[in-house]
Amino acid sequence: MKPLRPLTFRRDDAGLHRALMQAAHDYLAGNRDHRFADVGMLAKVAVLLALCAFCYVVGLQQQNVWAYFACYFGFIFIGMFLTVNVVHDASHNAFFKRPWANRWLNGLVSIPLGLDSDCWRVRHVIFHHAHNNIEHYDPDIDANGVLRQTPFQRWKPFMRAQRYYWPLVAAMTFPYYIWLFDWLDRAGRTRVAARMAQQGARGWGIFLAGKAAHFLLALAIPGYLLPPEIGISEILLVYLLSQMLSSLLFVMLIIGTHWAKAKFYQAPEQGALPHGRYRHVFATTFDWRTRPRWLGYWLGGANLHLTHHLFPHWSHRHYPALSRIITEVAPRYGIDYRVLELGELLRLQQRFLSEMGRKPSES
C-alpha cells in the first residue's frame with residue numbers, strides 16, 4: 001500500500017500547550033500523584049476480569065439457548081469494558097510505566113473480545129490520534145462504501161437512509177476487525193503492518209496465539225461443554241449477536257464524539273494544516289457527561305474523549321480533573337470548550353449522518 005506523505009500542523013498553539021501542561025503538572029504535584037494507573041485501577045481491572053470469568057463459567061452451565069445468551073453476552077460485554085478501560089490506556093503506555101508491561105496486559109485482556117491489541121494500537125494511537133478526522137489518514141473514517149462519513153467521500157443514493165441503518169454498520173465493526181481487518185493488517189495488506197511492535201515470524205506467532213486463545217475460549221470450549229440442546233449454530237449466533245451489541249455501544253461512545261463535531265479536513269497539497277495540533281482536537285472532538293457521573297469511571301473515561309486526545313498518555317482516572325483544567329485554560333486562548341449531555345451528543349450524531357446522507361448538490 002502506498003505510504004501517505006507526512007502531515008504537519010501550524011505552530012500556533014504553543015502557548016495553549018504550555019498552559020495545559022503546566023496546569024496538569026501542578027495538579028499532579030499538588031496531589032503527590034503520577035499519571036499512570038493506581039491501586040484503584042488495578043482493583044477495577046480485577047473486578048472486571050472476575051465478572052467476565054463469572055459470566056463465562058455460569059454460561060457454560062446453562063441448558064437452554066436464551067439463558068446461555070444472557071450469560072455469554074455478559075462475558076463479551078464485560079470484555080468490551082476491559083478493552084475500553086485497559087487496552088485504551090495501555091496502548092498509550094498510560095497504565096503501567098513500563099511499555100512491556102502494557103503490552104502483556106493488552107494481550108491478556110484482549111482475549112475475551114478477540115481484537116488484536118497490536119493492530120488496534122497502531123490504528124488508534126499512531127494513525128487516529130495523529131490525524132483524527134483527516135481524510136485518508138484517519139482509519140476510523142476510511143471510506144467503506146456503506147456509510148458516508150466525510151463530505152469528501154463518494155455519495156450513493158441509498159446513503160439517504162444511513163442515519164437509520166448506521167447502527168447495523170457500527171454493530172459489525174468488531175466482527176469485521178476480529179475476523180478480517182486484523183488479518184489484513186498482519187498480512188501487510190494495509191499501512192498498519194509496518195508500524196507494529198512485533199514483525200516477522202515472532203509477530204505472526206503472537207498474533208496467531210491471541211486469535212487461537214480467543215477461538216478456544218469464545219467458541220471451542222462452549223462447543224465442547226454445552227449440552228446438545230445448544231448446537232454449534234446457536235453458539236455461533238450467540239457469539240455474533242453478543243459481538244454486535246458490544247460493538248454498537250463502543251462505536252457510539254468513541255467514534256460518535258468525532259461525528260458529532262462534524263468537522264473534517266483534507267490533507268493540504270503543500271504546507272501545513274490551517275491550525276495547530278491542539279486546536280485541531282478542539283475542532284474535531286467533544287466531551288460529554290455521564291448520568292450518573294460515576295458511570296464515566298466504568299466507561300474508562302470514554303465520555304471525555306476530547307480530554308483523552310489532549311492527554312493521551314494519562315490514565316483515564318485523571319480525566320475529570322483534566323477536564324476541569326481544560327475548562328479553565330481554553331477560554332484564555334479563545335477556545336469554546338463545551339461538555340455535552342448525552343442526548344445532545346446523540347442528536348448531533350444524527351444530524352451529521354443525515355447531512356452526509358444527502359446528495360452533495362442538495363446540501
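Residues numbered from 1 in each chain as written. Predicted model: local features only at pLDDT ≥ 70, side-chain atom pairs only at ≥ 80, totals over all residues. Heavy atoms only, no water.

(A) Geometry of the overall build of the protein chain. Counting secondary structure elements, the protein chain contains 14 helices and 2 strands. Relative to the globule expectation of 21 Å for 363 residues, the C-alpha radius of gyration of the protein chain, 21 Å, shows essentially globular dimensions. Expressed as a percentage of its 363 residues, the buried residues of the protein chain come to 50%. Counted over contacts in the protein chain with a minimum sequence separation of 6, partners at least 24 positions apart contribute 73%. The distance from the centre of the 39 positive side-chain charges to the centre of the 24 negative ones in the protein chain is 4 Å. (Helix = DSSP H or I, 4+ residues; strand = E, 2+ residues; numbered from the N terminus. Rg over C-alpha atoms; globule rule 2.2 N^0.38 Å. Buried < 20%, exposed > 50% of the residue type's maximum accessible area, 1.4 Å probe, protein only. Contact = heavy atoms within 4.5 Å. Lys, Arg positive; Asp, Glu negative; His and termini not counted. Charge placed at Lys NZ, Arg CZ, Asp CG, Glu CD.)

(B) Looking closely at the pattern of salt bridges. By the definition in use, this model includes 11 salt bridges. Close ionic contact of Asp33 with Arg317 constitutes a salt bridge, the shortest N to O distance being 2.9 Å. Here Asp33 is found in the loop between α1 (14–31) and α2 (39–59), whereas its partner Arg317 is found in the loop between α12 (305–310) and α13 (319–329), with 284 residues between them in sequence. Residues participating in the shared-partner salt-bridge network are Arg123, Asp182, Asp185 and Lys211. (Salt bridge = Lys/Arg side-chain N within 4 Å of Asp/Glu carboxyl O.)

(C) Representation of α13 in the model. Restricting attention to buried positions, one finds in α13 the residues Tyr319, Ala321, Leu322, Ser323, Ile325, Ile326 and Val329. Buried residues in α13 make contact with α1, α3 (65–91), α10 (277–284), β1 (287–288), α12 and β2 (339–340).

(D) Representation of the packing of aromatic side chains within the structure. Scanning the entire structure with this criterion turns up 19 aromatic pairs. Their ring planes at 85° and their centres at 6.3 Å tell us that Phe282 and Tyr337 sit as a pair that is edge-to-face. A residue pair is termed long-range when its members are at least 10 positions apart, and Phe282 in helix α10 and Tyr337 in the loop between α13 and β2 qualify at 55 residues. Accessibility expressed as a relative area gives 7% for Phe282, which makes it buried. Through a chain of ring-to-ring contacts, the aromatic side chains of Tyr56, Tyr68, Tyr72 and Phe75 assemble into a single cluster. (Phe/Tyr/Trp six-rings, centres within 6.5 Å; stacked < 30°, edge-to-face > 60°.)

(E) Representation of the UniProt feature "transmembrane region" (unreviewed entry) in the protein chain within the structure. According to UniProt, the positions carrying the feature "transmembrane region" (unreviewed entry) are residues 41–59, 65–88, 164–184, 204–225 and 237–260. Annotated as residues 164–184, this span is 95% helix and 0% strand, and its ends, taken at the C-alpha atoms, are 29 Å apart. (UniProt positions renumbered as here; feature names shortened; annotations may be inferred.)

(F) Highlighting the side chain of Asn132. Along the chain, Asn132 falls in the loop between α5 (117–131) and α6 (162–171). When sequence neighbours within four positions are dropped, the list of residues in contact with Asn132 reads Asp138, His258, His280, Thr284, Thr285 and His309.

(G) Region of interest: helix α7 (residues 173–186). Residue Leu180 marks the point of greatest curvature in α7, where the axis turns by about 35°. Inspection of α7 places Phe174, Pro175, Tyr177, Ile178, Asp182, Asp185 and Arg186 among the buried residues, and these make up the whole buried set. Contact partners of the buried residues in α7: α3, α5, α6, α8 (200–225) and α9 (232–261). Phi for Gly188, located one or two positions after α7, is positive at around 80°. (Bend = angle between axes of the 7 residues up to and from the residue.)

(H) The arrangement of the side chain of Gln153 in detail. Among the secondary structure elements, Gln153 is positioned in the loop between α5 and α6. Once residues lying within four places of it in the same chain are set aside, the contact partners of Gln153 are Glu135, Ile141, Asp142, Ala143, Leu147 and Arg148.

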